[in-house]
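Observations on the three-dimensional arrangement
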2 protein chains.
Amino acid sequence: MSAGELRGRKPRADVQRNRAALLETAQRHFLEHGVGTSLEAVAKEAGVGPATLYRHFPTREALLAAVLQTRSEELVARQADIEQLGDPAEALEQWLRAMEEYFSAFSGLPDPLMAAARAQEPDNPLTIPCDILISATDQYVRAAQLAGRVRASVRGHDLFLAACSVAWIKGTGTEEEPLDRLRTLIASGYRQQDTQA
Amino acid sequence: MSAGELRGRKPRADVQRNRAALLETAQRHFLEHGVGTSLEAVAKEAGVGPATLYRHFPTREALLAAVLQTRSEELVARQADIEQLGDPAEALEQWLRAMEEYFSAFSGLPDPLMAAARAQEPDNPLTIPCDILISATDQYVRAAQLAGRVRASVRGHDLFLAACSVAWIKGTGTEEEPLDRLRTLIASGYRQQDTQA
DNA sequence: ATCAAAACGGATGCTGCCTCCGTATGCATC
DNA sequence: GATGCATACGGAGGCAGCATCCGTTTTGAT
């Protein structure tokens, strides 16, 4: 009775219910209208007043972070898949692709993401997820570097930025073909050319 | 009396005056608060009513395009400098840098720029400037390719996107050091390695 | 000086943000 | 079940920005 003792009382049922409804509705609205969607509309469609939304999620970023949390399961699932393959270069490539898709889930998502990655505001709920992703990227980079497949000068943070960029461009509505050209350009930038001389 | 005949009447003095005041104020506000700055505030500080602003510049993009127009002189001046140097690879590099600085003049500028570059909306006043810049980039790319300094697979449009990306990241407030690392990464991506085998 | 066209700008309606505070709800206790 | 109290709810409201309408003023031409 250590953890339960603190609260002392069972949490109310409507809290959980409203939170779930808000998250579900918010995700749909983010998907359809981007991260700038009207929070008032989200609240209304979730069947709660605006104040309830703000009580649960004080800022847009907080709501965004909570929605992303539920979506991140997909990402860790991918990570499991990726770690199956033996080739570290291939693993890095797929990881970058997975991050990019994660970042472009909602149009406009890269902006608050970058803001969180940059600043050392511990109160920004997106900061921690960002730091985790950067670290993870660095792991993949190091593994590929040990195998001599990635330039030594490259860091995980660099490729995090690159993935963010591509996701940003994608979010502006660019076609898939120029996007793929850009991905190729970036890949040429970090790959170690085979020293087969 | 061919061109003057069309208008038939001398343009009013206040029109010119207001337009100039608006452009000047708008540029300052864009510089200080980014492209999302309040147009109402711009109008008020320029000493005109909101309607006058909207009459001169029907949309935010129109105002932005007009302000950029005045700033583009700097860019063409740079172009002249760049064409002095004989090395086409160096020229491309400097041109990309010039574009990037142009794009990061105002925070948030890359977004409307990308929107204009993507869509074939002829009414978007930013479309034409974008197309010009892409073509110019392509020129530099081709020249450098002829000299064997840039991979054959690279196109001007790719590097336009890359420059936009870097400018976007810059606009989110990222430090200069990670930015420079990203630039290096991209440069490694388009440069042709010397085939000195 | 007069006139008509052209431009101006205040007022206005709208949407979205965020907060305050009176009210309702749900859990614990009896 | 009924009661009491903490907790959560939500409508109302203040604020800021956008974009437009329309009565008024300015301006150039005659």
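Parameters and conventions
- Residues numbered from 1 in each chain as written.
- Chains lettered and ligands numbered in written order.
- Predicted model: local features only at pLDDT ≥ 70, side-chain atom pairs only at ≥ 80, totals over all residues.
- Heavy atoms only, no water.
- Least-squares fit on C-alpha atoms with pLDDT ≥ 70 in both.
- Contact = heavy atoms within 4.5 Å.
- Salt bridge = Lys/Arg side-chain N within 4 Å of Asp/Glu carboxyl O.
- Helix = DSSP H or I, 4+ residues; strand = E, 2+ residues; numbered from the N terminus.
- Buried < 20%, exposed > 50% of the residue type's maximum accessible area, 1.4 Å probe, protein only.

- The name given to chain A in an unreviewed UniProt entry is AcrR family transcriptional regulator, with Streptomyces pseudovenezuelae as the source organism.

Quick word on the relation of the copies chain A and chain B
- Superposing chain A onto chain B takes a rotation of 180 degrees combined with a translation of 0.0 Å along the rotation axis, leaving an RMSD of 0.1 Å. As the rotation angle and translation indicate, the two copies are arranged about a two-fold axis. When C-alpha positions in chain A are compared against the rotation axis, the closest is assigned to A:Gly189, at 1.8 Å.
- A high fraction, 100%, of the interface residues of chain A reappear at the interface in chain B, so the copies pair face to face through one surface.

Quick word on the pattern of salt bridges
- Scanning the model with the defined rule gives 24 salt bridges over all chains in all.
- Here A:Lys170 ties to A:Glu100 by a salt bridge, and the two come within 4.0 Å at their closest N and O atoms. Taken as a pair, A:Lys170 in helix α9 (residues 156-171) and A:Glu100 in helix α6 (residues 88-103) lie far apart in primary sequence, 70 residues in all.
- A salt bridge links B:Arg183 to B:Glu100, with the shortest nitrogen-to-oxygen separation between them at 2.7 Å. Of the two residues, B:Arg183 sits in helix α10 (residues 176-190) while B:Glu100 sits in helix α6 (residues 88-103), which places them 83 residues apart along the sequence.
- B:Arg183 gets classed as buried once you look at its relative accessible area, which sits at 11%.
- Residue B:Glu100 is classed as buried on the basis of its relative accessible area, which comes to 4%.
- Through salt bridges that share partners, A:Glu100, A:Lys170, A:Glu176, A:Asp180 and A:Arg183 make up one connected network.

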